[in-house]
Amino acid sequence: MNLSIVIPAKNEARGLETILPKLTSLYPTAEIIVVDDGSTDETATVCKHCQVSIVRHPYSMGNGAAIKSGTRRASGDIIVFMDGDGQHQPEDIATLLKFIDEGYDMVVGARDPKHQSSLPRRIANRFYNSLAAFMTDYPIEDLTSGFRVARAKIFRKFLYLLPNGFSYPTTSTMAFFRSGHSVAYVPITVTQRDAGSKSHISPIRDGIRFFVIILRIGALFSPMRLFLPVSLSLFAMGFAYYAYTFITVHRFTNMSALLILSSLFVFLIGILSEQVSSLHYRGVDENK
């Protein structure tokens, strides 16, 4: 198959020194593209030494922006995305590609939760996986894994949805699921981050962004899974408050009316959003 390998990198010279020779040895005919996202170390020098293609950002634009730049440059029918810090093993690419051969549109390397950073991050990842699974109605084993293989033609349809920050795995996973494209999860082994490489993710700031993106993509592709629970909750609160005031003061209060009407408005917004979402699906299908 015509293969491109896209690696976003910001100050990942030490990690690239390890993985690029392995990639060029395992896949000598593959197009390897490193997107230098405003690095200040020897990232560009390492890429030149390993004779791989490099796309340079004049300043740091974010991991998602690097993925978009690499995807636009890639010429392969299949694109492999992996981090440049040395955590992902080039040997695992062959395992992911087998599932592409079986007909899947995207294959994600799922990390063992025991090997994922600190305990708070593991708890946060489990929460995000559960929330995204509810919004998409599909089981999601590793929402934030940056090691994945996708069919280029399909992945490019969703480039406009990808944020410039660190949430491209979240967005692409949910977009594939909700658009009816097949996604597989394959267990992978990750190594400790290179000693000279630091994580650029802020647990609080980027955690909030993950949460917002899950809701945004869920509302875009399956609005009623977001609006219906909110509508039912407001209606239940309004009805319960009405029952309470009817028993205690024999009145239907303004607060009860406000809650019940709010539930109706939220439900109608959900219906309208479903119609808008159907137009989005049509646009995606027309790009095939």
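Residues numbered from 1 in each chain as written. Predicted model: local features only at pLDDT ≥ 70, side-chain atom pairs only at ≥ 80, totals over all residues. Heavy atoms only, no water.

Now for the environment of Ile 188. The residue Ile 188 is located in strand 7 (residues 183–188) in this model. Classification of Ile 188 by relative accessible area gives buried; the value is 8%. Taking C-alpha positions, Ile 188 is 5.8 Å from Ala 110, a pair spaced 78 residues apart along the chain. (Helix = DSSP H or I, 4+ residues; strand = E, 2+ residues; numbered from the N terminus. Buried < 20%, exposed > 50% of the residue type's maximum accessible area, 1.4 Å probe, protein only.)

One finds Phe 155, Phe 176 and Ile 214 to be the most contacted residues of the largest nonpolar core, which totals 37 residues. In terms of residue count, helix 7 (residues 168–178) provides more of this core than any other element does, five residues in total. Aside from chain neighbours lying at most four places away, what touches Phe 155 is Ile 67, Thr 71, Phe 81, Ala 150, Leu 162, Tyr 168, Ser 172 and Phe 176. Ranked by size, the runner-up nonpolar core spans 31 residues in total, among them Val 34, Val 46, Val 80 and Leu 97. (Core = buried A, V, L, I, M, F, W, Y, C linked by side-chain atoms within 4.5 Å. Contact = heavy atoms within 4.5 Å.)

So, about the pairing of strand 6 (residues 148–151). In this structure, strand 4 (residues 78–81) lies alongside strand 6, joined through four bridges in antiparallel fashion. The residue of strand 6 that forms the bridge with Ile 78 is Arg 151. One ladder, built from three bridges, connects strand 5 (residues 106–111) with strand 6; its direction is antiparallel. The residue of strand 6 that forms the bridge with Val 107 is Val 149. (Pairing = 2+ DSSP bridges.)

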